[in-house]
Structures are given as structure tokens and as C-alpha cells.
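Per-entry structural report
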Amino acid sequence: MRTTRAVPARPVLIVALTLATAGSLLLAPGAAGADPKPVTREGAAVDDRAARAPASAARRALAAPEVTSAATAARAYPRRQTLSPDPENPGDKSLKLGLTPYHAIAPKLNALQRLGDRVSVEVTGRSAGGHRLYLVTVTAPESTRQARSQERMRELIGNAPAAAAKSLEIKRDYKTPVFVNNNIHGNEWEGTDASLKVIEQLATAKDARTRDLLAHSRLYFNITANPDGRIAGTRANANGFDLNRDFVTASQPETRAMRQIEIGKQPAVLLDLHGYVNGTLIEPTTPPHGENYEYDLFLKNSYANALGMESAVNALGYTPAKDGVEAAQIPFRDQEEGWDDWPPIFTPQYAAFHGTVAAHTVEIPLAVNNEEYDDLPVPELRRRSVVNTAVAGAAIRATLDHVREHRGTLLTDQIEVFRRGATGAAQVPVSPETVPGVPGIGPEDVYTTTFPRAYVIPPGDARSRRSGPAAARLVDHLLANDVRVTRATRPFRLAGRTYPGGSYVVDMHQPKRGMANVLLADGSDISGKVSVMYDISGWSLGSLWGAAVERVPSGSLRGAPLRAIGEAAPVAHVPAHGNLRLRLTDPREVAALNSLLRQGVRARQAADGSVIVPASARREARTAARTHDVSFTATRQTGTAPLHRLRVAAAVTPGELFALREMDFDVSPVSTAVLNAGFDWSGTDVLFVSAGLDHADLTAPARRALDGFLDGHGLVGRGATGAALNAAADLLAVKPVEGNADANGVVRVVNSGSVTRDAPGHGFVYAPLWFTDPGPGVRVEQSYASGNPLVSGHWRPLRDGTGGPAAAAGRASVVSGGHTVLFGTEPLFRDHPKGEFPQVARALFTVAHSASVEESG
């Protein structure tokens, strides 16, 4: 707990009670209507709603090309374009609030471009729902020569920071990049409207301060990061994804567009405008702090800018009595814990790894979404929206003032972030001496790590020297995150070990070493450091994505035969002769199999869990190999059990639904409501349940239909909801035990069954579950490792001592029997743990196949 604040921290419980009381006065003019728990998770710990996203949104997200800025980086400013209008949509949820509906944004941007020569608009991509994503740049006009000069200086800062630190040209002429991100949560609207107002003011202002700001800055406004949610009034996009949890995985096109802005524009300062916490919450955050940041530089600049935003917001004159608006708060100063910057899944925290040294989530005060949207009178909703827009605008303008006044410090510190990475310099722990002027820094704020000398990702198949799909995907993901990767042209030795040619090497002496390490390292167990976490606490790609990742603590890369690469080597391969074997250890391989089954290829399962494709389907196999970048090997096996394309009914979370579609399963989303409305089970082979299906809430006809289906078909269940359906249907005789519902992270597991064959030795958990008291015919497919299974994350026992990692140690995490497989882990969580996906695929094929064999027999 925080004990060393110079300014007394407000007790979290008192804050929560104060806000809950204010929020209960819903119709009074002074009602706050804020989140009653400002330092706890938004929404339930476990998503218990069944996903209903259309398949078209998944296809759009999986196929969407990434729009890069390389082609336009050297173009002159302004970069005008006339945007075609969108059809008017009277159902846009913004309209009720008196805010700008999505269909009005394009005409508004056209009008803003006509105001002068300061405003430019780019389309950075399309959302999962197919809507355009707009980036507005506001800056003083630049010739093509000046734009090229700005791009050259930006690259020097990011790629040669030692030289950049000495450059007089950069100090004199470089325009400080600032990024204002709006509406990433679709039902937190007002940042968009505040930005449009600020852009209009900047476009026409004639004062010396504005001219100075635009002469020395480029201001980038992502107008709405989530148009799908803005229109629908939902937090998530059309695929059901919370985009502010997607930055490590980047599964959604909106996230990839934001990632490219952060890489291509390299902002020194970032605002991410959210709602709703009263008083206005302005980061920096409470502990724990990301251990891979250059946190001394981040805290110094973020706190200084936060003070300016706080002053500007409070200066608006809103009061609790008159307007229901509490004074602004800065969590680092005012709270103990519970609003952290530990995981890089949030926009500001992710941006820090691209050189952003002042980054903030800003939570504007008055709730207008969810229950308030439905229950409050329209005049009150619009009053609140006006207040919120003014608060967001004050935060933006204060930030721009800070940038104008402190441009030199911001650029110097951004360069220093990259210099430390490139030279392998030690991190600087925060303290009153290293970060003067920030009150209350104590030992609870010190989070650092030890960077290795390198990471090596060996080829996936040493015999053929072809990299597996997992290694290729991981390398391409690192490159997409602007991490430098090299590849060995021949075998080499490093730190006393020989690695094969074709191995990928991540030299950790690089400007974005923090990004490389936050993605590849195991992470840390922080269970003992804080009592509560805002969201996930573990996410390692090295542990969860299925590729071998070897940490090399020390050694020299001098003389190593390494070549810089821009993409992973292709994996696709089909032998010229014989039957073909396809392993099922990666989601790309599962997708390749499903594409073959869709075409009617007669694939068969082999005894080792792989798939045998007959030589007669070589042409189809070649197409699948190229499309999914997978490798087939030659075999004399013919396989045993025939496989057919599965039709999966799924009551699952949005991330799980998306992962199933990523593996090209034919999925029909279901829920309690869908079954009660009458669902035709005749086209279904297997049911997957983890959310939104309660046996007790089914009507009698729906229950009979479900029980009839389960009597002859398969069930794959995950978590408490899947286990509850298993018990209600009296399928698999096991006792589910629920761990701490707030626990999450990377865990060590022991794989022992056919469903988990060749799976990684790590899994992911959120609200972990395990199984005891197995009855006859129950097989343990996987267990939590002995001792403390938690590798990284936050998993504490409950107050009575139960529910912790010690209680789970050695217990079954995945069980099977008959036509049922149950998971206590989260193998598809938010589309992230790629190496775990095949466990679910194998489970679906196993139970569906066993049911069909029994039926035919």
C-alpha cells in the first residue's frame, strides 16, 4: 500500500462511497452520475454475456490490410481530400446526447479543411463494422521539402538517438508530435466533439500563441477510434472487442490503425479521452507501474502535464453543488492503488514503448452511458454532455499549452528513451532525487527489470530448417510493433550455445527494447505487491504464442551472421510426393485443415493427433499452405478416423467467438435467449459454452431440445458457465472448484492427454477453475504445475485462504470423457494466447468425432 504521499491520499473506500451517493441523485441538477467505483475494473471480472458479432465483422478484421503512413510521410501539408458523405442514420446513439453522429463527421471534416491551410484529413483504415477511421492533422503549412525534413528528423530520433541528441536542427526545427485519441470506447462519446471544437479553433485562430504552437508542433486527432461503438452506443466494436484491451494482440483493424499512428507519427505526448469518473481522472496512475518503461522520464512529464490539465478542468468553475462535478483527481497523487499502468494493453501505456513520454487516460466526469443513457431525461443527458465536452476540451487545450511551453524537454526525454534502449543503458529507478517535483514517490513506485542481451527464436522444424507458423507469426508481430529482428544466415554460437541457421534474433540493444521485452519476457508475479489490479497482469507472447523463445541473458553478438529482416521467412511447403501430414499445433494449421474440409477433402486423423491429407488433394493443400502459411510433410500414413467440417454452436465471449472464426470454424452464436426463441439443432455437431447460457433459465421446450442434443453430441465447456452446464446436463462426473475471480496471468501447466498433445507448457487464466473428484471415465488432459503455478500476473488466495495458486497446484485444469471436454483455463482469451488455440480445436474435433462414431456404430 502507498504510505509516502506528500499530499495525503484520499481513501479509496471514501471516494467510492462519495461517488455512489452522488450517483444516486440521478434527476437532481447536481447529480454526478459517475462510476461509483472509480478505481476498480469496468464491468464484471469475467464476461458472462454470449457474443453475437456477425461473421462479416470477423472476416473484415482478419482480412483488413494495415494502412501505413510511409507513402504519405513526405507529402506537403495541408493534405486535403474531399470525403464522401455517409448515409444519414437516425439510429446513431450520439444524437440523443446532442453530440455529433458518425454520419455528420465527414461533412464536418470537409468544412474544417476549407477553413484555411492548417487542417488535413487522412483515412487510416476501416473499422470491423466497415466505417472509415479519420486522422486529422493540424499544423502550420509545410512544403514537400519541409515535410521530408520532418520525416528525416523523426527517423533520426527513433533510429539514431545519440546523433539526434546532438542535432541542432532537431532542437530548432522539429515539430513536436502530439496525439489525441478519442472515443476508443464507443459509448464514451464526448472526446470526439471536444476535438472537433479544438480543431476548429486552431484552424482559425490568429493569436501569436496558436501560430507558435502550430509552427513547432504537429497535432494529430483520431476523431473516433471506434465508430462502430459510437453509432451503436456500445463500449466495444462490431466484433465485441474492447479496443483498449487489444494493443498487445492487435486483433482488430481499429487497434492496428492506432498502432500505426503511434509508430508513424511517434508522438511525444498522448491523450486518450474516456468517461466516466467524477471527479475527472487524469493519469499518471497508482502502482504497479510497467517494469519495462523508462518510468522516470514518463512520470516526470506525465505528472507535470497532469497538473496543467487539473488546473484547467477545475478552472471551468463546475462545482458539486451546482453541476454535480467533483474536483479533478490524479491517481498517482490521490489514490493508493487500483488504477495501474502495468499492462501494455491500454493506449497510453502501449504508447510509452514508442517514445511517448507524457501519456494520459483522461476520464471525463458525468456518466451518460449504460443505465444513465436509458433512464435519464434527454435534457439532463445533454447537460452532462455539454459539461463533459467542455472538460475534455480543457484537457486538450492545457496539454497543447504544456507542449508549447515544454517542447524542448519533451523531445529531449523522448530521445533519451530511445538512447537508453539503443545503448543498453540501465533504467533509472524513480525517487525524489531522479524525478524532482513529483510528490510522494516511494519504494512502492519502483518497478524495473533486467533486460537480456538478446532473444533467440529458433526455427520451428530443425530437420527441414523451415520455421513453423508460430515462429513466423511471432516475428511478424514483433516487426509490426516496430521491434527490430534479424535472422541468422548460418549456424552461430551465442553465450556458449549453438543455434541453427534461420534462427531469428532480437538484439535488445535497440531503441524500442521496452517494446521487445514487454512482448517476449515471461513477466512478473506481482501478487504480493498490490491487493487489486485494474485488468490483466500477464500476457507473455514468449510463453503463450506457441513459438520457442529463448532468453539470452548475456553475451556478444559481434560477428554473428545476422541479417536485418522486414518480414518472417515464408513457411508454406507441400512435398511433391506421397500423402501429406499436417500438424495441429497452431491456429493457422487448424484454419488450413478447416479450409480443406470445407472443400470436401477427405482428411483423416492420425494416432499422434496430426491430420493426413491424401495425395489426391495436393492441389488443394498447396492453396491452403500458401493462404495460411503452413507446412505439410510427406508421410506414408493413411490415417484412421475420417474428419468432417464441424458446425459449432457457441455461447462464448467475443474473444472466443473471434478466435473460432480465425481458425475457420463454421460457428453459430447461441445464448439462453436464442435457445428460448427456438434453435434448430439439426445443423450442429458440437456445442461450445463459456458465457451466456444458463440451463435453469431455459424454457421447458428449449431445455428438452438442448438435453436431446447433448445426449448424442458433444459439449466443450470453459470456465464456471461451461462447468455449470455440464453439471446440469449430468455429463462428466467432476467437481469444479472456482479460484479467486480476480486472479489472472500466465501459469505453468503439465499436458498429459490427446487434447493437449504438443501444447505449450504454459496457459492463461482469468478467474481460474480446476477439477477434483473425477468419476469413472474421466481423463485428466492437463494439470496446473506443482508448487506455485503462476509465472506472471496477479493471483492471491481469498480472505479465507482458499482459491489461490497453492490450492490449484497439481489439480486438473482440463478434463475429458465421453462426449465432453471442460477447460478451467482461458485458451482463447481475447484472441490472445495463440499457442493455446489448438487445444480448443482438438477438443471440438474429439467430442464431435466420438459422438459421430458412436452414432454410426
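Residues numbered from 1 in each chain as written. Predicted model: local features only at pLDDT ≥ 70, side-chain atom pairs only at ≥ 80, totals over all residues. Heavy atoms only, no water.

1. Side note on helix α2 (residues 55-63)
It helps to recall that an α-helix has 3.6 residues per turn; residues three or four apart then point in one direction. Residues A57, A58 and A61 constitute the buried set of α2. Along the long axis of α2, the arc covered by the buried residues comes to 100°, so they all point the same way. Across from the buried face of α2, at angles greater than 90 degrees, the exposed residues are R59 and A63. Considering only its buried residues, α2 is in contact with α10 (253-265) and α22 (654-662). (Buried < 20%, exposed > 50% of the residue type's maximum accessible area, 1.4 Å probe, protein only. Helix = DSSP H or I, 4+ residues; strand = E, 2+ residues; numbered from the N terminus. Arc of directions from axis to C-beta. Contact = heavy atoms within 4.5 Å.)

2. Considerations on the packing of aromatic side chains
The final tally for this structure, using the stated rule, is 21 aromatic pairs. On the numbers, 5.0 Å between centres and 40° between planes, the contact of Y293 with F353 is tilted. On the criterion of sequence distance, the pair formed by Y293 in the loop between β7 (286-289) and α11 (295-314) and F353 in the loop between α14 (347-352) and β9 (358-364) is long-range, its members being 60 residues apart. The class of Y293 is buried, set by a relative accessible area of 3%. Under the relative-accessibility criterion, F353 is labelled buried at 5%. One aromatic cluster is present, formed by Y293, Y295, F298 and F353 through successive ring pairs. One Lys or Arg, R79, reaches over the ring of Y77 and ends 3.9 Å from the middle of that ring. Between the NZ or CZ atom of K96 and the centre of the ring of Y373, over which it lies, the distance is 4.5 Å. (Phe/Tyr/Trp six-rings, centres within 6.5 Å; stacked < 30°, edge-to-face > 60°. Lys NZ or Arg CZ within 6 Å of the ring centre and 35° of its normal.)

3. Overview of the sheet that holds strand β14 (residues 504-507)
Read from one edge to the other, the open sheet built from five strands follows the order β15-β10-β14-β11-β16, with strand pairing classed as antiparallel. Of all strands in the sheet, those with a lone pairing partner are β15 (550-552) and β16 (562-564), marking the two edges. Averaged over all pairs of adjacent strands, the angle between their axes in this sheet comes to 30°, without regard to strand direction. Pairing geometry for strand β11 (residues 486-488) and β14, over two bridges, is antiparallel. Each residue of the ladder has a partner; that of R487, found in β14, is Y504. Contacts from helix α17 (residues 469-480) reach β10 (454-457) and β14, with the element oriented near 145° to β10. (Pairing = 2+ DSSP bridges. Axes fitted to C-alpha atoms, helices over the stretch in contact; angles between N-to-C directions.)

4. Side note on the pattern of salt bridges
Summed over the entire model, instances satisfying the criterion amount to 42 salt bridges. The salt bridge involving R333 is made with D334; its shortest N-O contact spans 2.7 Å. Here R333 matches D334 in class, with each residue buried. Between R473 and D586 there is a salt bridge; the shortest N-O distance is 2.8 Å. Of the two residues, R473 sits in helix α17 while D586 sits in the loop between β17 (579-582) and α20 (587-598), which places them 113 residues apart along the sequence. Taken together, the salt bridges that share partners define one network made up of E188, R235, D242, R245, D535 and R830. (Salt bridge = Lys/Arg side-chain N within 4 Å of Asp/Glu carboxyl O.)

5. Focus on the sheet that holds strand β5 (residues 269-275)
Spatially, seven strands are ordered β1-β2-β4-β3-β5-β9-β6 in an open sheet, and the strand pairing comes out mixed. Since the sheet does not close on itself, it has two edges, and those belong to β1 (119-126) and β6 (281-282), each with one partner. Bridging between strand β3 (residues 176-182) and strand β4 (residues 217-222) involves six bridges; their strand directions are parallel. Note on β4: the bridge partner recorded for F179 is Y220. Taken strand by strand, helix α16 (residues 378-423) contacts β3, β4, β5 and β9, and its axis lies near 165° from that of β5.

6. Here we look at helix α18 (residues 513-520)
Extensive coverage of α18 is indicated by the burial of eight of its eight residues. Listed as buried for α18 are R513, G514, M515, A516, N517, V518, L519 and L520. Where α18 is buried, its residues touch α14, α16, β10, α17, β14 and α19 (541-544).

7. Quick notes on the pairing of strand β23 (residues 686-689)
Across the two faces of β23 the burial is the same, with V686 and F688 and L687 and V689 all buried. Note that strand β21 (residues 647-651) and β23 share four bridges and pair parallel. Within the sheet, the bridge partner assigned to A651 lies in β23 and is V689. Note that β23 and strand β24 (residues 714-718) share four bridges and pair parallel. The partner of F688 across the bridge, within β24, is V716. Since β23 and β24 lie parallel, the crossover through helix α24 (residues 700-712) that links them has a hand, and here it is right-handed. (Right-handed = clockwise from strand over helix to strand, strands pointing away.)

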